[in-house]
Number of protein chains: 2
Amino acid sequence: MSALALGPGHEFDRIRRIVARLGPLATDIGDDCAVIEDRPGALVVSVDLSIEGVHFRREWLTLEEIGWRAASAALSDLAAEGAATVGLLASIGLPREAPENDLLGLMTGIGAAAGEAGGTVLGGDLAASERWVIDIAVIGRATRPVKRSGATPGDGLWVTGQLGAARAALEAWQRGGTPSPEARAAFAHPVPRIRTGQALARAGVHAMIDLSDGLGGDAAHLAAASGVALDIDLDSLAVSPDVVRAAALAGLPPEHFAALGGEDYELLAALPAGFTPVQASELTRETGVLLSRIGTVSEGAGVRFVLEGRKVVLAGYDHFV
Amino acid sequence: MSALALGPGHEFDRIRRIVARLGPLATDIGDDCAVIEDRPGALVVSVDLSIEGVHFRREWLTLEEIGWRAASAALSDLAAEGAATVGLLASIGLPREAPENDLLGLMTGIGAAAGEAGGTVLGGDLAASERWVIDIAVIGRATRPVKRSGATPGDGLWVTGQLGAARAALEAWQRGGTPSPEARAAFAHPVPRIRTGQALARAGVHAMIDLSDGLGGDAAHLAAASGVALDIDLDSLAVSPDVVRAAALAGLPPEHFAALGGEDYELLAALPAGFTPVQASELTRETGVLLSRIGTVSEGAGVRFVLEGRKVVLAGYDHFV
């Protein structure tokens, strides 16, 4: 790539190898900043920090999967804005003794996630660190960014995909077991709902949030930001088949287990009352992603969850508890 | 701040306290993404990762200084583009046992650096980590971003400020000593040259880079990106007074020591041949920052350094050596 004209040095040799590996998935690397051209639409930005031993363990995932997952967690925030992906910046802390192929594997996963979402790797930083650290800054573009704050009484609450499989994988590993291939894939290879988020924005969605901490916690953010109450019927929740077994081991109903599982990176959307099941089916056909109605927005505050006709209390995952 | 409507949880209480501490220096916090409004000019983005034990030690600096320094290192990349600051996103990894005031102190320093540069804190992420990790993503706006690649044979090479004081502080600490207050301030409280970078852009600068790794290494990047040779006369380099003593201890001429010192966050600029010392003085009066001519751009490749009429060989700082 002729644009990558850096001076000599080991660190710059590393950057040259990364850019060679990424090929067309790396753009505008090698200056002080990457330039995002002036085009119509607001830009939206977010960051997501992943740390070895906290967010992932080396024995669970390959470095390519670790890279994919870290990038997808950040890209999921663009999906929640109904934005198109511009690109991402990757800051990597890596052990001094890490083989070169580990870094290239990690960056391959990050580049693949950026490309899958419709963007490129725009830059980054490398530093020595005792444990792997991956911080991904994402940049997207949206004509009308979707906020958490627009939900209106009467709106329907909809959720994309199926919930709980990432938690099922995590709990299998934590018990010393091996997750099913499907649960493992949900944890290792989440696909941010970029296209679905844009389709929902076109459909007139009022408010949206991505389910990174789990429906239990994230629904509360949407309710607080919009100044409304949410009524969610967990019986309507689409749960992954793997969740049934994992939930039984955890002593919870599958829907309760799934609603408390973080890192599914699905979307919770408040859509106008007039949004119909037929429109939902069309959107599923268009994007390949399931869309299920799970509740209603009303006046008030907080989130009420119901399962088999009875109120249940949920809480999200907290990194610092 | 009424916009900060998050649901319950310890992590969100932390974010609420940070936003309360930052006051008007925090904007658009609390959604999946921050929104940057559509206005004229390209956006420029960069990241800079700082890790405890690699880039700083807790016993050298307060957390407020650590925050200022990490943010300023990233903001300096905007200066090199001749960009105005929009804002920054701060990803923080912090030890579980860290007192709440440590995090608030760190964010106070980050917020102050953002404000000094003309921007705000637009968002971030928090995660548990064994050691402090600070990754800063910066966003700026420029009508015509200045690249490293525009230097043309005949251009004059100019550098802002004085070099070497940050290295003098670092070496004092590494010897077990105490740096002078001036050297300590250069390391702990670098001021990114945002306004000077913009003034140089208005003056028609052809190429620019910030001196984060030291003149020795960074000049080579500018030469490589522009496809030119640089001749630099180190006798013209403005060195900090503290550097004379530190250079003597290191057994080097002060200018050699200063040219190899990283983390000064000054700018190296290639200005058209017609840019005069009178214009340089005016620019110094306008911005309060010294501007010294240290060399010339010519056809060819690489960087030739001369000190007292003799060629010297320099190399920059490499994080992984």
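Residues numbered from 1 in each chain as written. Chains lettered and ligands numbered in written order. Predicted model: local features only at pLDDT ≥ 70, side-chain atom pairs only at ≥ 80, totals over all residues. Heavy atoms only, no water.

A word on the overall build of chain A. What chain A contains, in helices and strands, is ten helices and twelve strands. Computed over C-alpha atoms, the radius of gyration of chain A comes to 20 Å, within 12% of the 20 Å expected from 2.2 N^0.38 for 321 residues, which places it in the range of a compact globule. Oriented by its inertia axes, the alpha-carbon framework of chain A measures out at about 65 × 50 × 35 Å. Here chain A, with 321 residues, has 61% of them falling under the buried criterion. Nonlocal contacts in chain A, meaning residues at least 24 apart in sequence, comprise 84% of its contacts between residues at least 6 apart. Surface summary for chain A: the accessible area is close to 11700 Å², and the carbon and sulfur share equals 52%. Considering chain A, the positive charge centre built from 26 side chains and the negative charge centre built from 40 side chains are found 2 Å apart. (Helix = DSSP H or I, 4+ residues; strand = E, 2+ residues; numbered from the N terminus. Rg over C-alpha atoms; globule rule 2.2 N^0.38 Å. Buried < 20%, exposed > 50% of the residue type's maximum accessible area, 1.4 Å probe, protein only. Contact = heavy atoms within 4.5 Å. Areas by Shrake-Rupley, 256 points an atom, 1.4 Å probe, with all protein chains shown as cover. Lys, Arg positive; Asp, Glu negative; His and termini not counted. Charge placed at Lys NZ, Arg CZ, Asp CG, Glu CD.)

Turning our attention to the interface of chain A and chain B. At the interface, 71 residues of chain A touch 71 residues of chain B. Together, the buried faces of chain A and chain B total about 5700 Å²; carbon and sulfur atoms form 57% of this surface. Put simply, chain A and chain B have eight salt bridges between them. For glutamate 130 of chain B, the salt bridge is made with arginine 131 of chain A, and the minimal N-O distance between the two is 2.7 Å. It is strand 2 (residues 42-51) of chain A that provides the largest number of residues to the side of chain A that touches chain B, a total of nine residues. (Buried area = accessible area lost by both parts, 1.4 Å probe. Salt bridge = Lys/Arg side-chain N within 4 Å of Asp/Glu carboxyl O.)

Residues and elements named next belong to chain A. Mean pLDDT for chain A: 93, with 97% of residues reaching 70 or above. With pLDDT under 50 throughout, residues 316-321 is counted as low confidence; its partners more than four residues away or in other chains account for 21 contacts. Interface predicted TM-score (ipTM) for the complex: 0.94; the corresponding pTM is 0.95. (pLDDT = per-residue confidence, 0-100.)

Let's shift gears to the relation of the copies chain A and chain B. Here chain A sits on chain B after a turn of 180° about the axis and a move of 0.0 Å along it, with an RMSD of 0.0 Å. Such a turn and shift between the copies fits a two-fold axis. Comparing interface residues between copies, 100% of those in chain A also lie at the interface in chain B; the contact surface is shared. (Least-squares fit on C-alpha atoms with pLDDT ≥ 70 in both.)

This part covers the packing of helix 2 (residues 63-80) of chain A against helix 5 (residues 181-188) of chain A. All names here are of chain A. As a packed pair, helix 2 and helix 5 sit with axes 8 Å apart at the nearest point and diverge in direction by 60°. Taken together, helix 2 and helix 5 sit at an angle that is classed as oblique. Mapping the contact onto sequence places Glu65, Trp68 and Arg69 in helix 2 and Arg184, Phe187 and Ala188 in helix 5. Grouping the constituent residues of the contact of helix 2 with helix 5 by class yields three nonpolar, no polar and three charged. (Axes fitted to C-alpha atoms, helices over the stretch in contact; angles between N-to-C directions. Parallel < 35°, antiparallel > 145°, perpendicular 65-115°, else oblique. Nonpolar A, V, L, I, M, F, W, Y, C, P; charged D, E, K, R; others polar.)

Moving on to the pairing of strand 3 (residues 84-94) of chain B. All names here are of chain B. Extensive coverage of strand 3 is indicated by the burial of nine of its eleven residues. Of the strand pairs in this sheet, strand 3 and strand 4 (residues 120-128) are connected by eight bridges, and their pairing is parallel. The partner of glycine 87 across the bridge, within strand 4, is threonine 120. You can see the chain leave strand 3, run along helix 3 (residues 100-116) and come back into strand 4, and the turn it takes is right-handed. (Pairing = 2+ DSSP bridges. Right-handed = clockwise from strand over helix to strand, strands pointing away.)

With that settled, the discussion passes to unusual backbone geometry. Phi is positive for glutamate 263 of chain A, close to 65°, though the residue is something other than glycine. For glutamate 263 of chain A, the location among the structural elements is in the loop between helix 9 (254-259) and strand 9 (267-271). Taking the relative accessible area as the measure of exposure, glutamate 263 of chain A reaches 15% and is therefore buried. Residue glutamate 308 of chain B is not a glycine yet carries a positive backbone phi of 50°. In this fold, glutamate 308 of chain B is placed in the loop between strand 11 (302-307) and strand 12 (310-312). A relative accessible area of 68% means that glutamate 308 of chain B is categorised as exposed.

Residue and element names in this part refer to chain B. Applying the stated criterion to the full structure yields 34 salt bridges over all chains. One salt bridge connects lysine 147 with glutamate 81, and the closest N-O pair in it is separated by 3.3 Å. One end of the pair, lysine 147, is in the loop between strand 5 (133-142) and strand 6 (156-160); the other, glutamate 81, is in the loop between helix 2 (63-80) and strand 3, and 66 residues separate them in sequence.

Attention now moves to the environment of leucine 215 of chain B. With respect to the helices, strands and loops of the structure, leucine 215 of chain B is situated in helix 7 (residues 215-226). When the C-alpha atoms of leucine 215 of chain B and alanine 259 of chain B are compared, they prove to be 5.0 Å apart, with 44 residues separating the residues in sequence.

All names here are of chain B. Across the sheet, seven strands lie side by side as 7-9-6-10-8-11-12; this open sheet has mixed pairing. Two strands bound the open sheet, and with one partner strand each, they are strand 7 (207-210) and strand 12. Within the sheet, the average angular offset between the axes of one strand and its neighbour, ignoring direction, is 30°. In this sheet, strand 9 (residues 267-271) lies alongside strand 6 in antiparallel orientation, the contact comprising four bridges. In the sheet register, valine 159 faces strand 9, and the bridge partner there is leucine 268. Seen against the sheet, helix 6 (residues 194-202) touches strand 6, strand 7, strand 9 and strand 10 (291-298) and runs at an angle of roughly 5° to strand 9.

With that settled, consider the side chain of serine 226 of chain B. Residue and element names in this part refer to chain B. Checked against the element boundaries, serine 226 lands in helix 7. We classify serine 226 as buried; its relative accessible area is 13%. Within the structure, the side chain of serine 226 is placed 3.0 Å from the backbone nitrogen of alanine 151, a separation counted as a polar contact. Among all residues touching serine 226, those that are not within four sequence positions of it are Arg148, Ser149, Gly150, Ala151 and Ala207. (Polar contact = N/O pair within 3.5 Å; in protein donor to acceptor, adjacent residues only side chain to side chain.)

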